[in-house]
Structure formats: C-alpha cells, structure tokens
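# A look at the structure
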Amino acid sequence: MIELKEVHSYYGHSHILHGVNLKVNKGQCVALLGRNGAGKTTTIHSIAGLVVPKEGAIAFKDKELIGKTPNHISKAGVGLVPQGRRVFSSLTVKENLLIAERKSTSSEKQWTIEEIYQLFPILKEREENMGNELSGGQQQMLAIGRALLLNPDFLLMDEPSEGLAPVIIEQIKNIILDVKKTGLSMLIVEQNIDLACCVADEVIILNKGEVVWQGLPNELLHNEELLKVHLGV
Amino acid sequence: MEFFIANTVSGLAYAMLLFLMAAGLSIIFGLMKIMNLAHGSFFILAGYVAYTFSRSGMNFWLSMVLAVIVISIFALIIEKLFISRVHGSETDQVLLTVGLVFVLGDLALWIWGGNFLSIPVPAIFDFSLDFAGMTFPAYRLFVIAMGILFAFVLWYFEAKTRVGMIVRAGVDDMEMVSALGFNVKIIFSGVFIFGAALAAFGGVLSGPILGMYPMMEWEILVNSMIVVIIGGLGSWKGAFIASMIVGFVDIFGRIYMPTFAMAFIFILMVAILMVKPTGLFGRVES
C-alpha cells in the first residue's frame, strides 16, 4: 500500500527525519510511537505533502508521492486526521463534512454523510453548530468523519486521543476499530500506548527521526526496557 | 434636515464605493494573507480604461464590462508573475505592491496625463429625483443600490455556494483545505481576480462621481485599509459596516471640520481597535 524508503525531512534547517523506513500493507493498521520531537508528526506530514522530504522515496500504490502537492496526494487516496483536529471553525458541522465528501473509484468502502452520522450520532444532533462550538471529543469525531468522507485508500491519524478524557478515548478507540474492520489501511501516530497497541497490527517506534524498533503490539507491551528507554513509561 | 439627508445620500454612495474596493482587499488578505497595496491601482485603472472606452464611443455599460474584464486579466497576470512569489513574506508583499503602485501610477500618468478626468453619467441615470422637496441625483442612488446588491451577492456566494464554503474554510486553514484535495493555487488566483474585479467595478462606478486623477489610488487605498481594519481582516461583512461608518465620517467631517476630516477617521479607527483589537467582525487567529 505505502512504503517509505530512507526519507529525510527538514523544518527549515532542522533535520528531523534521518532516513525513515516503514511500510503499511493493504488493510493493515500500523501505530507510530515515540517521545515528543521523535519525528512522528513530520512523518505524517511528509506522507501528506505538508512537508516535502529532501531525500528518499514514498511509494503509494506504486506511485511516488514526494514532490506532489497535498491536494494531489489527497486525490491519490490519502486521507488525513490532523493533530489538533483542525476543523473549520467558520463552517457548520454539516459543512465540515460536505466540503470533504468525495467519491472514490479505488476505495472499497464508500462513506456517505448518513453513515458518518450513524458512526457519530452526536454530529447529527449538532450538524448546525459551528466547528468551534464542539467539545474536543466531538471535534475529533468530526475530523475523523471528514477524513473518511474523502473515501481514502489510506488514512493518516495524528494523535487522535490528544487532550481527550479517558471515556472519550475509549469511544475513539472503538471507532478506529470499527473503521479498521472496513479494510482501510491506517497509520496512526499516538502517545497513548494502550490505544495504539489495541488498534494496531504492528507498532513502530521512532527516536530522533529514526526507526528504532518495529514489532507486534504484544511484544512491545511485554518489553519493559523498550517502553522505558524509548517511550519513557 | 434637508442638508443632512442630501449628504447622507452622498455619504452612502461613497461608502458603497469604498465597500466594493475594501471587500476585495479584505477577502484577499483573509484567504491569501496577502496585503495587496496595489488594490487601489486596480480601482483607478478600471476608471481610466472605462474612460478610454467611453471616449471611443462605447456606452457606459459596455465600457464598464470591458474595463472589469481587462482589469481582471491584468490582475491574473500580476498574481501569477509577482504575487505568487511573495506568499508568506509580509515585507516582500509590501515592497512589491508599493512598487507596483508607483509603476502603475506612472504608467497611468503617461497614458492619460495628469488632469482630472471623469466618465459621463450614463444617460439612463442622468437625472434627479425630487422627493419631499429634496433633490437626489439618480446615479448616486444607483451606486447605493449596486453596493447593497453586491453585499447580497457576496452573502449568497459565501453562505450558499460550495465555492463560498471552500473560501470560508480557506480563511480558517488553507493548508487543511489543500489536504482535502483542493488546488490552492487555483483558489488563490480565483479570489485575487474576484477581488480585483470588485475593485474595478467600484472604480468604473466611481468615475462619474469621484473621477480619476494622479495619486487617487493612494487616497482610496488608505480609506479602504481603514475600512478593512475597522471591519476586521478577512470579513466582507465587516467591510460593509465599516465602509458606511468611514463614508459618513468622511463626508460629514469634510463639511463641518474639513481640516480634521482625515483625523476623525483615524481617531475612529483607534477608538474601535481599543475596544475590539480584531476589528468589528475580525477573529483572533488560532
């Protein structure tokens, strides 16, 4: 589905990613973990085209993504749930969904607004509210719904549990598992190890812009030294 | 009372011209984060171009349409050649667009000379309306009607169309709009041309009232920027309300205390910013 090979990305003169290699297969859910500043969001941004890597290759469905603009990457089938939700505050909940609604020729599952409302009934109740009038959890649901309506083949999620109460995190976790059942490939950046290990088929740990470990969620949860050294747990 | 009402009509007509100019300036800034100081040049150049067409025998309406088209194409060229290169750098934007004002001003001086020029009032509105013992120039009433009509058009465009929805989203977060699959370059060019066309329309409409003369672009730009600041950056609704405030203060200031007319506008701006630093309809950037 998607493969990053020796990706080097920068913010200005700061070298953030030092040759990241990772692969997500079709229908697979991979979690990307690491401490603050490890390069997780930069990896997501590099795939989405929000940061242009200076070296390396990102192959998505056998096509190179580096050099493509974010709109081209989105149309190629990559959806993004960004860090901090970034819902449009000047748009109503319904408009936030309508703006993203798009048919896909390649995606197996075709999401509609009604299906998003079934997945998140609260969004239907609040469809006339402005984006900034929602709680953090509702905004996260809106951001996920908006990305699903792009009907992507591959979904990037950047810290979906950030700043949310435990009960809401549980809801978000169940939603991710529901979405996963549709066969959508996902790369999830998370600080919440329990959530990441619950939803992911495979876990990758980044440290200082490099992949330092890759394995199964259970292997990570039982490796105390790994948890302590790279994730500070 | 008659004096007050007659000048209210003049103030409203001036306010609508300011609105057409400031709305484009505000939308361009809100979406593209470009402070286009050459926006006043589009306004006056449209007046000059329409003047040339009308002198060649075309009627007012055809001259207006052609002038708006010419300025829109010109704005597209300016956006593609220059503006697109200075995104994200305010200093470069100011230096570039101030430079453009000087170049375009000299170009206008070279082509149309330094005398005051005016476009004749279209025949259909070349009369006055008598009402309650007062006389109102029909053309000024037409300009007011056009301003209100365009405010409605902008409202409809923004609130009821998909393009308007994308523009609103873009003002919030252009990068995210791009990540949803929309081509930012096309949106930027479209909004820049739309803003320039609004200014051009205002420039032609103002031809029979304000005329055209050297350095006029600076005068209209300063008042429009005050309108944009008072109304709130990126808000056409703010531009509409603020243009009326500035229009009235300007007209009545010139009548009662002409020496301080400009000072009144600045005092008003400072007073509003002290109460609401983002302007009347402006929002705090997240």
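Described below are features of the structure shown in this document. (Residues numbered from 1 in each chain as written. Chains lettered and ligands numbered in written order. Predicted model: local features only at pLDDT ≥ 70, side-chain atom pairs only at ≥ 80, totals over all residues. Heavy atoms only, no water.)

With that out of the way, let us pick up the overall build of chain A. Per the secondary structure count, chain A includes ten helices and ten strands. Computed over C-alpha atoms, the radius of gyration of chain A comes to 17 Å, within 12% of the 17 Å expected from 2.2 N^0.38 for 233 residues, which places it in the range of a compact globule. Projected onto its principal axes, the C-alpha coordinates of chain A cover approximately 45 × 40 × 35 Å. Expressed as a percentage of its 233 residues, the buried residues of chain A come to 55%. (Helix = DSSP H or I, 4+ residues; strand = E, 2+ residues; numbered from the N terminus. Rg over C-alpha atoms; globule rule 2.2 N^0.38 Å. Buried < 20%, exposed > 50% of the residue type's maximum accessible area, 1.4 Å probe, protein only.)

In this section: the overall build of chain B. Broken down by element type, chain B carries ten helices and two strands. Along its sequence from the N terminus, chain B presents helices and strands in the succession α-α-α-α-β-β-α-α-α-α-α-α. Its C-alpha atoms give chain B principal-axis dimensions of roughly 60 × 45 × 35 Å. Expressed as a percentage of contacts within chain B between residues at least 6 apart in sequence, the contacts between residues at least 24 apart total 77%. (Contact = heavy atoms within 4.5 Å.)

So, about a nonpolar patch on the surface. Residues and elements named next belong to chain B. On the surface, a nonpolar cluster with roughly 690 Å² of combined accessible area is contributed by F3, I255, Y256, M257, F260, F264 and I267. Where the nonpolar patch is concerned, the elements lending two or more residues are α9 (236-256) and α10 (261-275). For I267, the location among the structural elements is in helix α10. With a relative accessible area of 54%, I267 lands in the exposed category. (Patch = residues over 30% accessible without salt bridge, like charges linked within 9 Å, V, L, I, M, F, W, Y side chains within 5 Å. Areas by Shrake-Rupley, 256 points an atom, 1.4 Å probe, with all protein chains shown as cover. Salt bridge = Lys/Arg side-chain N within 4 Å of Asp/Glu carboxyl O.)

A few words now on the sheet that holds strand β4 (residues 55-60) of chain A. Residue and element names in this part refer to chain A. Taking strand neighbours across the sheet as the criterion, the four strands line up as β2-β1-β4-β5 in an open arrangement whose pairing is antiparallel. Of all strands in the sheet, those with a lone pairing partner are β2 (14-24) and β5 (63-64), marking the two edges. Here β4 runs beside β5; their pairing, made up of two bridges, is antiparallel. Bridge pairing in β5 places F60 opposite K63. Along the sheet, helix α1 (residues 40-48) contacts β1 (2-11), β2 and β4; its crossing angle with β1, the most-contacted strand, is approximately 110 degrees. (Pairing = 2+ DSSP bridges. Axes fitted to C-alpha atoms, helices over the stretch in contact; angles between N-to-C directions.)

Across the contact, 18 residues belong to chain B and 20 residues belong to chain A. Across the chain B to chain A interface the summed buried area is about 1,800 Å²; carbon plus sulfur atoms make up 57%. Three residues, M165(B), M176(B) and L180(B), lead the burial of chain B against chain A; their summed loss comes to 33% of the area buried on that side. There are three salt bridges connecting chain B and chain A. Among the ionic pairs, R168(B) bridges to E95(A), the shortest N-O distance being 2.9 Å. At the boundary of chain B and chain A, one finds twelve residue pairs in polar contact (both at pLDDT 80 or more). Class assignment of the residues belonging to the side of chain B that touches chain A gives a composition of nine nonpolar, three polar and six charged. (Buried area = accessible area lost by both parts, 1.4 Å probe. Polar contact = N/O pair within 3.5 Å; in protein donor to acceptor, adjacent residues only side chain to side chain. Nonpolar A, V, L, I, M, F, W, Y, C, P; charged D, E, K, R; others polar.)

Another point: empty space enclosed by the protein. Evaluation of the coordinates by the stated rule reveals two cavities of 30 Å³ or more. In this model, the largest cavity occupies a volume close to 40 Å³. As for the largest cavity, its lining consists of A48(A), P70(A), I73(A), S74(A), V78(A), G79(A), L80(A), L156(A) and A179(B). For the lining of the largest cavity, the secondary-structure elements that each account for two or more residues are α2 (70-76) and β6 (78-81) of chain A. The class makeup of the residues in the lining of the largest cavity is seven nonpolar, two polar and no charged. The space that makes up the second largest cavity amounts to roughly 30 Å³. (1 Å grid on protein atoms, 1.4 Å probe; cavity = no way out; pocket = protein on both sides within 12 Å on 5 of 7 lines; lining within 4 Å. Points joined across faces, edges and corners; volume = space filled by probe spheres on them.)

With that settled, consider the pattern of salt bridges. Counted under the stated rule, the structure contains nine salt bridges over all chains. Put simply, D153(A) and K61(A) hold a salt bridge, and the shortest N to O gap is 2.5 Å. Placement of D153(A) in the loop between α6 (136-148) and β7 (154-158) and of K61(A) in the loop between β4 and β5 is noted, with a sequence separation of 92 residues between them. Judged by relative accessible area, which is 9%, D153(A) ranks as buried. By relative accessible area, K61(A) is classed as partly exposed at 36%. Measuring nitrogen to oxygen at the nearest pair gives 2.8 Å for the salt bridge that ties R86(A) to D173(B). Of this pair, R86(A) sits in the loop between β6 and α3 (93-98) while D173(B) sits in helix α6 (residues 162-179), which puts the two residues in different chains. Classification of D173(B) by relative accessible area gives buried; the value is 14%. One salt-bridge network, held together by shared partners, links R86(A), D173(B) and E175(B).

Here the focus is the nonpolar core. Among the nonpolar cores identified, the biggest contains 156 residues, and I47(A) and L205(B) are the most heavily contacted of them. If one sorts the elements of this core by residue count, helix α1 (residues 2-32) of chain B sits on top with 16 residues. Once you skip the residues sitting within four places of it in the chain, L205(B) turns out to touch L17(B), L20(B), M64(B), Y139(B), F142(B), V143(B) and M146(B). Among the nonpolar cores identified, the runner-up in size contains 13 residues, and A200(A), V203(A), I205(A) and L220(A) belong to it. (Core = buried A, V, L, I, M, F, W, Y, C linked by side-chain atoms within 4.5 Å.)

Residues and elements named next belong to chain A. When β1 meets β4, the two strands line up antiparallel, connected through five bridges. Residue pairing in the sheet places E3 in a bridge with A59 of β4. Once β4 ends, the chain turns through two residues before running back antiparallel as β5, passing K61 with a positive phi of about 50 degrees.

Within this model, the second largest pocket holds a volume of roughly 430 Å³. Residue assignment for the lining of the second largest pocket shows that the elements contributing at least two residues are α2 of chain A together with α3 (60-81), α6 and α7 (184-206) of chain B. Broken down by element, the lining of the second largest pocket gets its largest block of residues, four residues, from α7(B). Of the residues assigned to the lining of the second largest pocket, the class counts are six nonpolar, ten polar and five charged.

Any functional reading would require information that these geometric values do not contain.
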